[in-house]
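Structure at a glance
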Amino acid sequence: MPERKIRVMVAKPGLDGHDRGARILARCFRDAGFEVIYTGCHQTPEQVAAAAIQEDVDLVGLSCLSGAHRILFPRVVELLREKNASDIAVIGGGIIPEQDFQMLYDAGIQAIFTPGASLDSIVDWIRTHVRTGN
Amino acid sequence: MSEPETDRRGKHHDMTQTTQKICAGDVRSASRLIRDLEDKRPEARRRLRQLFPHTGRSFIIGITGSPGAGKSTLADALIGELRKQNKTVGVLAVDPSSPFSGGALLGDRVRMLRHAEDPDVFIRSLATRGALGGLARAAGDAIHVMEAMGKDVILVETVGIGQQELDIIHHAHSIIVVLVPGMGDEIQTMKAGIMEIADVFVINKADRPGAKQLRTELTALLNASPHGPRDWVPPIVSIGNLYEPEIFAKKTAELMDAVTKHHAHLIVSGQFAERAERKAVMEITDALSACILEPVLERLIANGELKKIAQKIQTRETDPFTEAEAIARRFLKTGETS
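Each value, and the rule that gives it
Residues numbered from 1 in each chain as written. Chains lettered and ligands numbered in written order. Predicted model: local features only at pLDDT ≥ 70, side-chain atom pairs only at ≥ 80, totals over all residues. Helix = DSSP H or I, 4+ residues; strand = E, 2+ residues; numbered from the N terminus. Buried ≥ 20, exposed ≤ 12 C-beta atoms within 10 Å, placed from the backbone. Axes fitted to C-alpha atoms, helices over the stretch in contact; angles between N-to-C directions. Parallel < 35°, antiparallel > 145°, perpendicular 65-115°, else oblique. Left-handed = near helix turned anticlockwise from the far one by under 90°. Contact = placed C-beta atoms within 7 Å. Nonpolar A, V, L, I, M, F, W, Y, C, P; charged D, E, K, R; others polar. Pairing = 2+ DSSP bridges. Expected span 1.5 Å × (residues − 1). Bend = angle between axes of the 7 residues up to and from the residue.

Looking at the overall build of chain B
Scanning chain B for helices and strands turns up 11 helices and 10 strands. On the principal axes, the C-alpha backbone points of chain B span a range of 60 × 50 × 40 Å. Out of the 338 residues in chain B, the part that is buried amounts to 37%.

This is the structure we're talking about:
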């Protein structure tokens, strides 16, 4: 049977227009052979969750550089759960202080990548953890 | 037909249950089925068969044109117009897959964010995955899934096309061709291909230089084409001033109106039935290719035969026609194709 194509979504929730990092990641995922749905800046968690379900992605990558990750990231996970879509993995990145990591893990964010993380390490994480199953 | 199926998380569920959910408009099930069809899962084909009787009732609008012409932005505007009429909308937005990595960056949704939470709008991005006709290989299947969901209107946005990626004509009832000023001289408008398939022309970014000239050339082209008094002559809608909401909204309402008129014309003239027939012919042709040619190719690739034959062709020991005939005889006569 042909292999499943990995589909990911890259989104920036909240009032943060700094999308250079998100764009670089989207491009990098494309080059890794993933199908990337790029939805840009200034989205509500509700928009992110709805789009992730409509697109049937394996994973949502959230980027936040504004400091609102403690509210926005868990809200996306919560909404996916509400919509019976908790199999969609959520990872996050951006300017996230280490003391917030545990809180985010507890809220269901599966991985956090901060400045300095290599692109390869992120792609590898997705390949290893996303269950596209057969 | 209620054999248990396994989804990617290993859960079993009932086939007919999935079908029912999709017919009831469930986005999760529909989106998953579209994905399974893209990934060529065998069980997906069976589900589509069950859905088929529930398809064929939506009005399908194609939007095509060159990269950056404004197709997604116009799709967003049309969604808005259709929602004003209380119509439910499905959107398929196709973007290209990389020929190198197989990956894709699907960015059409960025223009349609304001509709993300509307439960009566279902937007799905598709990557071409090697298809060359301006659509994704699974586009036809995805249209069927959205039809089964009961969407009143389905907008299909092609990849940014050149002159002849015209697969959209097999899928859409009305086709909007989006042009922008500055793409060349009047000879371009006379060429076969994209200029022939339009039911409605949009001159987009019409506030830019060259828009008037393009309109003149296009009008001349349409006047020169032979048409009888009852024939449809594609209207030209010039749209610009994206950043002046009132003017833009007035223009996109005009576009919606032109498409609605074309829809009515199709029905009155009997062309709706003709287009439906053209689509059915394409569907059986594709299905035949999928159930005859693809399994044969898969087997020849798997057992290494294809490679051996290719080598013999390269050294001119044999020719492709003789080999193809021999293979056809072998598989077709014995009925051995799986």
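Concerning the packing of helix α2 (residues 27-38) of chain B against helix α3 (residues 42-51) of chain B
Residue and element names in this part refer to chain B. One can describe the packing of α2 onto α3 by two numbers: an axis separation of 8 Å at closest approach and a directional angle of 125°. Here α2 is positioned oblique relative to α3, judged by the angle of their axes. In this structure, α2 meets α3 at a crossing whose hand is left-handed. Contacts from L33, D36 and L37 of α2 reach α3 at E43, A44, R47 and L48.

Examining the packing of helix α4 (residues 71-84) of chain B against helix α8 (residues 245-269) of chain B
All names here are of chain B. Here α4 crosses α8 at 75°, and the two axes come no closer than 9 Å. Taken together, the axis directions place α4 and α8 in an arrangement best described as roughly perpendicular. Here A77, L78 and E81 of α4 lie close against α8, whose contacting residues are T252, A253 and M256. Taken together, the residues of the contact of α4 with α8 sort by class into 4 nonpolar, 1 polar and 1 charged.

Digging into the environment of G92(A)
Residue and element names in this part refer to chain A. With respect to the helices and strands, the residue G92 is situated in strand β4 (residues 89-94). Residue classification places G92 among the buried residues on the basis of 27 C-beta atoms within 10 Å. A C-alpha to C-alpha distance of 13 Å links G92 and P45, two positions 47 residues apart in sequence. When sequence neighbours within four positions are dropped, the list of residues in contact with G92 reads L62, C64, H69, F73, L104, I109 and I112.

With respect to the sheet that holds strand β6 (residues 121-127) of chain B
All names here are of chain B. Here we have 7 strands laid out as an open sheet, ordered β6-β4-β7-β3-β8-β9-β10, and parallel in their pairing. Lying at the two open borders of the sheet, with one neighbouring strand each, are β6 and β10 (236-239). Going from strand to strand, the sheet's axes swing by 20° on average, the running direction of each strand aside. By the bridge criterion, 5 bridges tie strand β4 (residues 89-95) to strand β7 (residues 153-160) in an arrangement that is parallel. Each residue of the ladder has a partner; that of G90, found in β7, is I154.

Quick notes on the sheet that holds strand β5 (residues 104-106) of chain B
Within the open sheet, the 6 strands sit side by side as β5(A)-β4(A)-β3(A)-β1(A)-β2(A)-β5(B). Their pairing is parallel. Both edges of this open sheet fall to β5 (111-113) of chain A together with β5 of chain B, since each of them pairs with a single strand only. Strand-to-strand twist across the sheet, computed as the mean angle between neighbouring axes with direction ignored, equals 20°. Bridge analysis of strand β3 (residues 59-64) of chain A against β4(A) gives 6 bridges, and the strand direction is parallel. What sits directly across from L59(A), in β4(A), is A89(A).

Quick look at unusual backbone geometry
Residues and elements named next belong to chain B. The phi torsion at R129 lies on the positive side, around 50°, for a residue other than glycine. Positionally, R129 belongs in the loop between β6 and α5 (139-148). For R129, a count of 18 C-beta atoms within 10 Å gives the class partly exposed. Positive phi is not limited to glycine here, since K205 has a value of about 55°.

Details of helix α9 (residues 271-302) of chain B
Every α-helical turn comprises 3.6 residues, leaving residues that sit three or four positions apart pointing alike. Residues and elements named next belong to chain B. In this model α9 runs 45 Å from its N-terminal to its C-terminal C-alpha over 32 residues, within 8% of the 46 Å that 1.5 Å per residue would give. At L293, α9 shows its maximal kink, close to 30°; a proline, P295, follows between one and four residues later. In the stretch just after α9, G304 is the one whose phi turns positive, near 80°.

So, the pairing of β3(A)
All names here are of chain A. Of all 6 residues in β3, 6 are buried, a share of seventy percent or more. Burial along β3 is two-sided: the face carrying L59, G61 and S63 and the face carrying V60, L62 and C64 are both buried. Direction of pairing for strand β1 (residues 7-11) relative to β3: parallel, over a ladder of 4 bridges. Paired with M9 across the strands is V60, a residue of β3.

Observations concerning the environment of M149(B)
All names here are of chain B. Mapped onto the elements of the fold, M149 is located in the loop between α5 and β7. Under the C-beta neighbour-count criterion, M149 is labelled buried, with 24 such atoms within 10 Å. Between the C-alpha atom of M149 and that of Y243, which follows or precedes it by 94 residues, the distance is 34 Å. Non-local contacts of M149, meaning those with residues more than four positions away in its chain, are made with I22, G25, A30, G90 and F122.

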